[in-house]
Amino acid sequence: MIFPGRSVWCLLLTLHMSACSLEISGYDSHEVICSQGLSDCTMKDEMPLTLPENDAVDVQNLTAYFKLCCKDTAPCTLCLVIDTEFPIDDEDVEDEGHSGLDEEDYREEMRNPKASLTVCYNTAPTMPSCKKVEFTVNHTALTQQNRAKLSIVITEPAGVTFSSQVIVYSSKLPHPSLTVVAPSLDEVCSQRLQERVEQCQAPEIRSVINQEMNLVELQSADSNKSLPSVCVQYERNGRCQTLNRTTIPLYCVTPCMCFQVWDEDDQRPRRSLSCPFINTDFLQRNMWQNVSVSVNQGQMNNYLSMLWWNISAPCRLEGEVWPCYKENSCKEVKGFRQQLTNGMWRQNSKGQWEKKGVFEDINLQLSPCVMVKVKGMGHELGPFCFNNTDRWRWSLLVVGVMLLVGLTVLLFCLLRDSVKKWVWSWHHGRFVEIGRRRHVVLLSPPDVDDGVSDSVCRLGSLLCNQGFSVSVDQWSRKEQCTLGPLPWLHSQLLELNSQGGQVVLVLTRKALERAEEWTHRLKEVIKTKGDDKGLPQIASPYSDVFMAALCLIQAEKQLGRAAERFLLVKFDSHSGSDRTLPEPLQGLLLFQLPSQTQALLTELTVGGTRTRSCRRTWTGWKWSGSDRWRAKTKGGPDQQTTLQCKHVGDEKDMETQPLKNP
C-alpha cells in the first residue's frame, strides 16, 4: 500500500515472526496516513467509554503489526501500526443543514462531508487506549468507489513492551478485533540496528584479517573492554559453537561464518549477531575446498535401481548435480540433472551443511558416478563414484593374510636358532629351557703348545660370547697352584651339578698317544692286581687334570652316561693324521673345528639336559684313604703328581666329602 505525502523508508530483516518481518521506519510522532480521497486527517486520544459518534464509519478490515521507529540518531522505539479499510456512504455523513450555515457553505459540506473512526488496543493487565481519527471525504477522488483505507502509527503504545500480546479492535459495533504479538527483545537485539535500541546492550566484536599471518583476529569493539564471549556459526540459522580463542586460521574462514557475542556477567545477557565475511570473495575458495560428495547405490520397492548422493560443505551452495558413466571422461547421463538451491539444506552434527538427493531408475551395471557444478567455481567437481564395499573387504582380507604370513616368516627368521634348539630337543626326548646359562669346562691336552693354547683360548672366548659360563684350565693356573689341579677340577664338576653343562676335552695327536698309553697301562694294572686302583704317573702341567678326566670318562662309560657329560673336539690345524680313538674315548661325540662349530654350540645348549634327568651328581666321587685321588703339589703346577681313582657307586643321596690338599 502506498501512502502519498509521506517519506517512509523501511528495511526488512530476517526475524522469525508469525506475521511478517520487523520493519524499521522513520517517524515524526503519532501519525495517521490516509489513502487517496481522504484529507484533513487528524488523530487524537479518545476515552474508551465514549459512545461512537454518528459520523463514525464501519470498519470492515482490520490488521495490525509492529515495527521499529527510528529518527535521526535517536534510539529506536517500538511502534504499533493499525491498518483499516471501510466503506464511504452518504448515510455516514451528518446532515447539518439546520445548523445556521448559509446555502453556499451547506453545498460545500455536502460535497466534502466529514467522518471519523475510533480504534482501541490493550494488553491483558492494562486499560484500553483509543485513538480517534477525523477526516474529510472527497468522493470524486476515491481510488475505489465508496471505499477508503487509513493507517494509524502509534509510537510507544501505552502498556506495550517487547513480547506483549495486544488486542486491537474497532469501537463501533460489531467491534471487529484481532490479536497481535510484539517481537521479543532477543529478536530485536539480533538485528543490525540493535545498538539503536536502548534495551539491547549486547557487546560487539571486530574481525581483522591479517593476510601476512594467514589468520583472522577477533577484537572487542570497545577498546576499554576485553573480548566478550563468542560463538561461531555457519549461516545465520546455523548452530553456534563456543569459540575459546581470539584468532582463527584464515583457511577456516568462509563467507557464511557468523559470530554471536554476549557478556557472561549480565544476568540476562543479550546477544548480537554479525556475519562480517559475507561479501569477501577471496574466501570462497575455503568453502569450495571443503566440499565433499559421497555416492551410494540402492534399490526401490518397485525394484528400480537408485543412485544416492550426499553433498556437504561449510556453507549452503547453489549449483547443479548430475550422474555420468566413467569412460575416458565421465559422460553425462541425460535427463537426470538436478539443481542445488539454498533451501532444503540441513546441518549435521559436525556443523557441515548437507543436501541429499537420488537419481532413480539408473543403470548401476555401468558403475555410474556423480559430477557437481558449484555456482561461482571455474571448474566442475568430480567424478565421485560408488565404492564397492564387498570388493574392499575382500581386498582387506587378502592384505591381512599377507601381513600375517609376512610377520610369521619374520618372527621365524629372528627366532630361527631358538626354534632349531626346541626342535632338536623335542627329537631327543624333552624340551630345553632356552636361554638358560649353562656351564662348560674346557680341558686342554697334556702336551699343550703355543698353537694349541691359542686355539683353546679362542674356543673359550667363543663360548663366553655365546652366553655360556666357561672355565678353561689355562685361565685357572693360579687357582690350580693354590688348590691343586685335582681339587680345582672337582670344584668345576660341582659347578656342573648346579648349572648343568658338559666337559669339553681337546684332543691332539700327542693327547691320543697319551690316552692310548694310559689305557694300555690301565689294562696291565687290572690284569696284575685285578682292579683299577693303580694308575701310571705322568708329568705335565695339565697331566693330572687330563688323566683325571680319562678316569671319570672310564667310570661313566661303565654306567652308560659318558656321552651325556663329555664332548671331544679336534682342531683341524692340530689334529694330525686320522687314527682310531682309544677305548675310553670311543662313543663320545667328536666335533671337528671350526667346520662343526655351530653343531658344537647346539649340543652344548641342549645336549647336556639329559644328564639332569639321570639325577646323578658328581659327589658320587669320594676323596679319602686309599680310594681317593692323591694329589701331592709341593712346588706348583709343574710338580709331578701321583693319580689314583675309584668310583664309589651310584648312590642318589651321596654327601659331598670335604676336599683336602695334603
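Look up a bit, the structure's there.
Let us look at the structure shown here. Computed from a predicted structure; not experimentally measured.

**Here's the deal with the sheet that holds strand β8 (residues 129-137)**
Okay, step 1: Ordered in space as β4-β8-β7-β10-β11, the five strands form an open sheet in which the pairing is antiparallel. Both outer strands of the open sheet, β4 (38-46) and β11 (177-181), are each paired with one neighbouring strand and no more. The sheet shows a mean angle of 20° between the axes of neighbouring strands, direction not considered.
Okay, step 2: Relative to β8, β4 runs antiparallel, the two sharing seven bridges. Along β8, the bridge assignment pairs E46 with C130.

**Notes on helix α8 (residues 485-499)**
Okay, step 1: Counted at 1.5 Å a residue, the expected span for α8 with its 15 residues is 21 Å, and the 22 Å between its end C-alpha atoms agrees.
Okay, step 2: For α8, the complete set of buried residues consists of P485, L486, P487, W488, L489, H490, Q492, L493 and L496.
Okay, step 3: With its phi angle positive at about 80°, G500 sits one or two positions after the end of α8.

**Notes on the nonpolar core**
Okay, step 1: One finds L80, F135 and V168 to be the most contacted residues of the largest nonpolar core, which totals 39 residues.
Okay, step 2: With residues near it in sequence (within four places) discarded, L80 still touches A64, Y65, F66, Y121, I152, V153, I154, P157, V166, V168 and V180.
Okay, step 3: Core analysis: the second largest hydrophobic core is formed by 30 residues, L443, L489, L550 and L581 among them.

**Re the pairing of strand β26 (residues 368-374)**
Okay, step 1: Counting buried positions along β26 gives six out of seven residues, so the element sits mostly inside the fold.
Okay, step 2: Note that strand β21 (residues 319-326) and β26 share seven bridges and pair antiparallel. Residue pairing in the sheet places C324 in a bridge with C369 of β26.
Okay, step 3: By the bridge criterion, three bridges tie β26 to strand β27 (residues 381-385) in an arrangement that is antiparallel. From the neighbouring strand, V372 faces β27, where its bridge partner is L381.
Okay, step 4: Linkage of β26 to β27, two consecutive antiparallel strands, is achieved through a turn of six residues, within which G376 is found at a positive phi near 100°.

**Re helix α6 (residues 450-465)**
Okay, step 1: A rise of 1.5 Å per residue sets the reference length of α6, with its 16 residues, at 22 Å; its end C-alpha atoms lie 23 Å apart and thus fit the reference within 8%.
Okay, step 2: Among the residues of α6, those classed as buried are V452, S453, S455, V456, L459, G460 and L463. End-on view of α6: buried residues confined to an arc of 165°, all on one side of the axis. Those residues of α6 that are exposed and angled more than 90 degrees off the buried face are D450, R458 and N465.
Okay, step 3: G467 lies just past α6 and shows a positive phi near 95°.

**A look at the state of the cysteines**
Okay, step 1: All chains considered together, the criterion is met by nine disulfides.
Okay, step 2: There is a disulfide in this structure between C256 and C315, and the S-S distance comes to 1.8 Å. Taking the torsion about the S-S bond as the criterion, the C256 to C315 disulfide, at about -80°, is left-handed. Of this pair, C256 sits in the loop between β16 (247-249) and β17 (257-262) while C315 sits in the loop between β20 (305-313) and β21, and the two are 59 residues apart along the sequence.
Okay, step 3: On the accessibility criterion, C315 (2% relative accessible area) is buried.
Okay, step 4: Here C324 engages in a disulfide with C330; their sulfurs sit 1.8 Å apart. Judged by the sign of its S-S torsion, about 80°, the bond between C324 and C330 is right-handed.

**A few points about unusual backbone geometry**
Excluding glycine, most residues fall at negative phi; most peptide bonds, likewise, are trans.
Okay, step 1: Here G382 and P383 are connected by a cis peptide whose omega angle stands at 5°.
Okay, step 2: Put simply, L593 and P594 share a cis peptide bond, and its omega is 10°.
Okay, step 3: By the element assignment, P594 lies in the loop between β32 (589-593) and α12 (597-607).
Okay, step 4: A positive phi angle is found at E156, which is not glycine, with a value near 50°.
Okay, step 5: Judged by relative accessible area, E156 falls into the exposed class, the value being 57%.
Okay, step 6: The phi dihedral of M344 falls on the positive side, at around 65°, and the residue is not glycine.

**Thoughts on the packing of aromatic side chains**
Okay, step 1: A complete count under the given rule lists four aromatic pairs for this structure.
Okay, step 2: With centroids separated by 6.3 Å and ring planes inclined at 35°, the aromatic side chains of W309 and F359 adopt a geometry described as tilted. One end of the pair, W309, is in strand β20; the other, F359, is in strand β25 (residues 353-360), and 50 residues separate them in sequence.
Okay, step 3: Its guanidinium or amino end placed over the ring of W353, R316 lies 5.1 Å from that ring's centre, counting from NZ or CZ.

**Focus on the sheet that holds strand β18 (residues 272-274)**
Okay, step 1: One open sheet holds the four strands; their spatial order is β15-β14-β17-β18, and the pairing between them is antiparallel. Pairing within the sheet leaves two strands with one partner each, and these edge strands are β15 (241-243) and β18. Mean inter-strand twist for the sheet, computed between neighbouring axes without regard to direction, equals 30°.
Okay, step 2: Across six bridges, strand β14 (residues 229-234) lies against β17 in antiparallel orientation.

**Structural notes on the pattern of salt bridges**
Side-chain pairs of opposite charge can arise whenever the charged atoms involved come near each other.
Okay, step 1: On inspection of all chains with the given rule, the structure shows twelve salt bridges.
Okay, step 2: Of the charged contacts, one joins E134 and K132 as a salt bridge, the two residues approaching to 3.6 Å between their closest N and O atoms.
Okay, step 3: Here E134 falls in the partly exposed class, since its relative accessible area comes to 31%.
Okay, step 4: Notably, a salt bridge pairs E556 with R561, separated by 3.6 Å at the nearest N-O pair. Each member of the pair, E556 together with R561, is buried.

What counts, and at which threshold
Residues numbered from 1 in each chain as written. Predicted model: local features only at pLDDT ≥ 70, side-chain atom pairs only at ≥ 80, totals over all residues. Heavy atoms only, no water. Pairing = 2+ DSSP bridges. Helix = DSSP H or I, 4+ residues; strand = E, 2+ residues; numbered from the N terminus. Axes fitted to C-alpha atoms, helices over the stretch in contact; angles between N-to-C directions. Expected span 1.5 Å × (residues − 1). Buried < 20%, exposed > 50% of the residue type's maximum accessible area, 1.4 Å probe, protein only. Core = buried A, V, L, I, M, F, W, Y, C linked by side-chain atoms within 4.5 Å. Contact = heavy atoms within 4.5 Å. Arc of directions from axis to C-beta. Disulfide = S-S within 2.5 Å. Phe/Tyr/Trp six-rings, centres within 6.5 Å; stacked < 30°, edge-to-face > 60°. Lys NZ or Arg CZ within 6 Å of the ring centre and 35° of its normal. Salt bridge = Lys/Arg side-chain N within 4 Å of Asp/Glu carboxyl O.

Taken by themselves, the reported measurements are silent on function.
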